Amino acid sequence: MPVFDFVHHDDGSATLVDDAGRAALHLESLFQKLGNRSPHYRALMQPLASRDPVALLGAMPVTDKATYRTVLAREALEGLGSESFVVDLSSGSTSRPVSRFCRTVDDLSEQEATERAFRRAGIGKDDRLVFIDVGMAQI
């Protein structure tokens, strides 16, 4: 059975890793795909490329909403080309909503993954969930 541990980063975040190195392999694959698809993230990762994938994750800067609304939104739309897509708006409860662009197949895949996670957690179709943003009491 694998042993899991947390790698703590300078910003207070942490990454769950296992002794078999699977987390690092998955992160390495993710960063490779990200670098191939996104000029924005490729530019961010280049100066950090000598780090192992878990350390690279910890060194990546937080992406702010302005970047989502401008650079990353343009990259997402360019990447879609002429494919049909879904636009999903964040709730905007703490700010102006952020648009998320994705292909229909990706949206359905995300829905399937969410449903699978809920089933594994014992949450059924007749259950009701209430989410509370603890850090935003005024919501």
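Residues numbered from 1 in each chain as written. Predicted model: local features only at pLDDT ≥ 70, side-chain atom pairs only at ≥ 80, totals over all residues. Heavy atoms only, no water.

**Details of the overall build of the protein chain**
Piece 1. Regarding its fold elements, the protein chain presents five helices and four strands.
Piece 2. Along the protein chain, helices (α) and strands (β) appear in the sequence β-β-α-α-α-α-β-β-α when read from the amino end.
Piece 3. Long-range contacts, defined as pairs at least 24 residues apart, comprise 33% of the intrachain contacts of the protein chain with a sequence gap of at least 6. (Helix = DSSP H or I, 4+ residues; strand = E, 2+ residues; numbered from the N terminus. Contact = heavy atoms within 4.5 Å.)

**A look at a nonpolar patch on the surface**
Piece 1. There is a patch of nonpolar side chains on the surface, built from L77, F85, V87 and L89 and spanning about 340 Å² of accessible area.
Piece 2. Mapped onto the elements of the fold, F85 is located in the loop between α4 (65-80) and β3 (86-89). (Patch = residues over 30% accessible without salt bridge, like charges linked within 9 Å, V, L, I, M, F, W, Y side chains within 5 Å. Areas by Shrake-Rupley, 256 points an atom, 1.4 Å probe, with all protein chains shown as cover. Salt bridge = Lys/Arg side-chain N within 4 Å of Asp/Glu carboxyl O.)

**A few points about the side chain of T67**
Piece 1. In this fold, T67 is placed in helix α4.
Piece 2. Within the structure, T67 has its side chain in polar contact with the side chain of D64 (distance 2.6 Å).
Piece 3. Not counting chain neighbours up to four residues away, the residues in contact with T67 comprise H40, L72 and A73. (Polar contact = N/O pair within 3.5 Å; in protein donor to acceptor, adjacent residues only side chain to side chain.)

**Quick word on the packing of aromatic side chains**
Piece 1. Taken as a whole and judged by the stated rule, the model has one aromatic pair.
Piece 2. On the basis of an interplanar angle of 75 degrees and a centroid distance of 5.9 Å, the ring pair of F85 and F101 is categorised as edge-to-face. Of this pair, F85 sits in the loop between α4 and β3 while F101 sits in strand β4 (residues 99-102), and the two are 16 residues apart along the sequence. (Phe/Tyr/Trp six-rings, centres within 6.5 Å; stacked < 30°, edge-to-face > 60°.)

**Regarding the pattern of salt bridges**
Piece 1. Applying the stated criterion across every chain yields a total of seven salt bridges.
Piece 2. In this structure, the salt-bridge partner of D106 is R103, at a minimum N-O distance of 2.9 Å.
Piece 3. Overall, the relative accessible area of 33% leaves D106 in the partly exposed class.
Piece 4. E112 serves as the salt-bridge partner of R116, at 3.5 Å between the closest nitrogen and oxygen. You can see R116 and its partner E112 sitting in helix α5 (residues 104-120), four residues apart, about one turn around the helix.
Piece 5. Overall, E112 belongs to the partly exposed group, its relative accessible area being 47%.
Piece 6. The structure contains a network of salt bridges with shared partners spanning D88, R100, D107 and E110. (Buried < 20%, exposed > 50% of the residue type's maximum accessible area, 1.4 Å probe, protein only.)

**Observations concerning the nonpolar core**
Piece 1. Of all hydrophobic cores here, the largest spans 11 residues; its members are V17, A23, L27, F31, Y41, M45, L48, V54, L56, M60 and L72.
Piece 2. Where this core is concerned, the elements lending two or more residues are α1 (22-37), α2 (39-45) and α3 (53-59).
Piece 3. The element best represented in this core is α1, accounting for three residues. (Core = buried A, V, L, I, M, F, W, Y, C linked by side-chain atoms within 4.5 Å.)

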